[in-house]
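# Reading the structure
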Amino acid sequence: MIRYLAYRAALAIPLFLGAALLIFLAGHYAPGDPVQTLLGDHYNPQTAARMRHELGLDRPLAIQFVAYVRDAVTLDFGTSYVNPSWRVGDIVRQTLPISLGLAALAVALAAAAGVGLGLAAAVTSGRAADRLIQVGVLSGLSVPSFVVAAVLVLVFALHWRLLPVAGWGKPQDYVLPVVVLAGAPIAYITRITRSSVAQVLTEDYVRTARSKGLRAPVVLLRHVLRNAALPVVTTVGIAFGNAIVGAFVVEVVFNIPGIARIAVNAILQRDYTVIQTVMLVYTALFTAINLAVDISYAYLNPRVRY
């Protein structure tokens, strides 16, 4: 097991370095001059050349990339081009926990609701409850998150005045953003759970367990759910990634001070250091999520090895 974990962790390193290279090259060849952005109205060729030398932008590209990776490893991401007094590392440390907390709550809600609904749909396959759940799944997969957000704000915030329209800091501020982020993942997890559980229910060992007189909940939890868990775990991992990406819409709509809203503002202002850092952080998150999913495979099924 330890050898397998070390192997998977080692594979993540070149993947991360390759992504870092692409992010670095994208930032380097993107339109616009960061030095001109920094100087603004005070731009002149002499000052620009001096600042370009101070920032290391006049060095060979390979040396710049090595310095970029070295600084990233030490979490030194430099300063914002638009707001030079802001350290990008401080921005990440202040905003990333907000986005991760929001995504974790959404995925926890999606996993609990999706597995429960998927089990119910598989057990009642072909009946009215199953068809009703299938309609809900189709709706969850078809309606974009920004439409769901607008409808929920209109109904629960503006019409019934039960929840705030936007803002951050109070428990009630989490409700609408978490529900919006969890909508599509609930549909995905429900569909995969239903399919996987329905397949396992036809296996011989399930019929054997029933013939021994075990109660239905015991058969479901002990013999069915664990053997149907591998595709569900994969879907939960994908759902976490979707929740992180979906935060780009949710944090803007609900005015949440997370890293996704910072990224949107940086893109609009062409603040390349912030954009590169956010992309690198997201790459690290997706790499970590994939690694966690692979490790969970080995835990759930010891025969899984690569």
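Note: the structure precedes this text.
Below is a summary of the structure that appears in this document. Note that the structure is predicted; figures quoted are calculated from it, not measured.

What counts, and at which threshold
Residues numbered from 1 in each chain as written. Predicted model: local features only at pLDDT ≥ 70, side-chain atom pairs only at ≥ 80, totals over all residues. Heavy atoms only, no water. Helix = DSSP H or I, 4+ residues; strand = E, 2+ residues; numbered from the N terminus. Expected span 1.5 Å × (residues − 1). Buried < 20%, exposed > 50% of the residue type's maximum accessible area, 1.4 Å probe, protein only. Contact = heavy atoms within 4.5 Å. Phe/Tyr/Trp six-rings, centres within 6.5 Å; stacked < 30°, edge-to-face > 60°.

## A look at helix α4 (residues 61-73)
- The end-to-end C-alpha separation of α4 is 18 Å, in line with the 18 Å expected for 13 residues at 1.5 Å each.
- Of the positions making up α4, those classed as buried are Gln64, Phe65, Ala67, Tyr68, Val69 and Ala72.
- Buried residues along α4 sit against α1 (2-29) and α13 (272-300).
- After α4 finishes, the residue Leu75 shows a positive phi value of roughly 60°.

## Notes on the packing of aromatic side chains
- Within the structure shown, the criterion is met by six aromatic pairs.
- On the basis of an interplanar angle of 40° and a centroid distance of 5.5 Å, the ring pair of Phe24 and Tyr68 is categorised as tilted. Here Phe24, found in helix α1, pairs with Tyr68, found in helix α4; they are 44 residues apart in sequence, far enough to count as distant.
- Phe24 sits in the buried class, given a relative accessible area of 7%.
- Within the aromatic cluster, the residues linked to one another by ring pairs are Phe24, Phe65 and Tyr68.

## What about unusual backbone geometry?
- Positive phi outside glycine occurs at Arg161, with the angle close to 55°.
- Mapped onto the fold, Arg161 is located in the loop between α7 (145-159) and α8 (175-200).
- Taking the relative accessible area as the measure of exposure, Arg161 reaches 69% and is therefore exposed.

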